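An overview of the molecular structure
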Amino acid sequence: MLPTPNRIFERFERGEMERDELQALMALHQRELIGEIEEERQHPAAALLERLLAARAAGKLQKRYGGRLVREVLAALGEVEGFPAARWLWNAMHADVPLHCFLRMRREPVFRLLGLEVQGGRVLARVEYGVPGGEGLVKRVFEMERDAGWRLMVKS
């Protein structure tokens, strides 16, 4: 699995990789994004429907839990090693990226944030991800706690 851009830059800054390896890994991310853009241009109706469904879901999450908390949860999930949806969540704290961009309602592989349960500094996040049909769609609950710097981190 390709590491997220955050992880790639961390490794580069620690001196664990050279600039050419950094550029090669980031080029892979770029190709993936360009592929999705091309797919949207080939299927504009499906892309519009996906965008509307994601915007509706994001709006409900924002209204119920607040945009800041939802972004914190998504960013914490983006830090989970080996979590398949992390490749879309790595920049969830960037306020200039609309919240709906992190949700994948029907586009495969899907990623849905089903709900949050907040108890002080502890958050339980119910998510659904994977490929619909058969046993490909996984429902999972992530337990998160705030660290000493009050940053949300996945505990289990």
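Shown above is the structure to which this text applies.
Residues numbered from 1 in each chain as written. Predicted model: local features only at pLDDT ≥ 70, side-chain atom pairs only at ≥ 80, totals over all residues. Heavy atoms only, no water.

Observations concerning the overall build of the chain
Scanning the chain for helices and strands turns up five helices and four strands. Order of helices (α) and strands (β) in the chain, N terminus to C terminus: α-α-α-α-α-β-β-β-β. Expressed as lengths along the three principal axes of its C-alpha atoms, the size of the chain is roughly 45 × 45 × 35 Å. For the chain, with 156 residues in total, the buried portion stands at 37%. Taking contacts inside the chain between residues at least 6 apart in sequence as the whole, the part at least 24 apart equals 44%. For the chain, the exposed surface amounts to about 9600 Å²; the carbon and sulfur share of it is 53%. (Helix = DSSP H or I, 4+ residues; strand = E, 2+ residues; numbered from the N terminus. Buried < 20%, exposed > 50% of the residue type's maximum accessible area, 1.4 Å probe, protein only. Contact = heavy atoms within 4.5 Å. Areas by Shrake-Rupley, 256 points an atom, 1.4 Å probe, with all protein chains shown as cover.)

Observations regarding the side chain of Asn91
Relative to the elements of secondary structure, Asn91 occurs in the loop between α5 (86–89) and β1 (110–119). In this structure Asn91 touches Val97 and Phe102, once residues within four positions along its chain are discounted.

With respect to the pattern of salt bridges
All chains considered together, the criterion is met by 18 salt bridges. Arg7 is the partner of Glu81 in a salt bridge, and the nearest nitrogen-oxygen pair spans 3.2 Å. Placement of Glu81 in the loop between α4 (67–78) and α5 and of Arg7 in helix α1 (residues 5–13) is noted, with a sequence separation of 74 residues between them. The exposed category is assigned to Glu81, whose relative accessible area is 64%. For Glu145, the salt bridge identified is with Lys155, shortest N-O distance 3.2 Å. Of this pair, Glu145 sits in strand β3 (residues 137–146) while Lys155 sits in the segment after β4 (152–154), placing them ten residues apart in sequence. Among the charged side chains, a salt-bridge network with shared partners connects Glu36, Glu39, Glu40, Arg51, Arg104 and Arg107. (Salt bridge = Lys/Arg side-chain N within 4 Å of Asp/Glu carboxyl O.)

As for the packing of helix α2 (residues 19–42) against helix α3 (residues 44–65)
Where α2 meets α3, the closest approach of the two axes is 5 Å, and the angle between their N-to-C directions is 110°. Taken together, the axis directions place α2 and α3 in an arrangement best described as roughly perpendicular. On α3, the residues touching Glu40, Arg41 and Gln42 of α2 are Pro44, Ala47 and Arg51. Taken together, the residues that form the contact of α2 with α3 break down as two nonpolar, one polar and three charged. (Axes fitted to C-alpha atoms, helices over the stretch in contact; angles between N-to-C directions. Parallel < 35°, antiparallel > 145°, perpendicular 65-115°, else oblique. Nonpolar A, V, L, I, M, F, W, Y, C, P; charged D, E, K, R; others polar.)

Describing the packing of aromatic side chains
Scanning all chains against the criterion turns up three aromatic pairs. Between the aromatic rings of Phe83 and Phe111, the centroid separation amounts to 6.2 Å while the plane-to-plane angle is 75°, which identifies the pairing as edge-to-face. One end of the pair, Phe83, is in the loop between α4 and α5; the other, Phe111, is in strand β1, and 28 residues separate them in sequence. Note on accessibility: Phe83 and Phe111 belong to one class, buried. (Phe/Tyr/Trp six-rings, centres within 6.5 Å; stacked < 30°, edge-to-face > 60°.)

A short note on the side chain of His29
Relative to the elements of secondary structure, His29 occurs in helix α2. Those residues in contact with His29, other than ones at most four positions away along the chain, are Leu2, Pro3, Thr4, Pro5 and Ile8.

Looking at the layout of surface pockets
What the largest pocket holds in volume is close to 630 Å³. Around the largest pocket sit 24 residues that line it, and Leu33, Glu36, Trp88, Cys101 and Arg104 are the ones nearest its centre. Breaking the lining of the largest pocket down by element, the ones donating at least two residues are α2, α3 and α5. With eight residues, α2 is the single largest residue contributor to the lining of the largest pocket. Its residues assigned to classes, the lining of the largest pocket comprises twelve nonpolar, four polar and eight charged. Each pocket or cavity is described by its volume, and for the second largest pocket that value is around 190 Å³. (1 Å grid on protein atoms, 1.4 Å probe; cavity = no way out; pocket = protein on both sides within 12 Å on 5 of 7 lines; lining within 4 Å. Points joined across faces, edges and corners; volume = space filled by probe spheres on them.)

In short, geometric facts, not functional conclusions.
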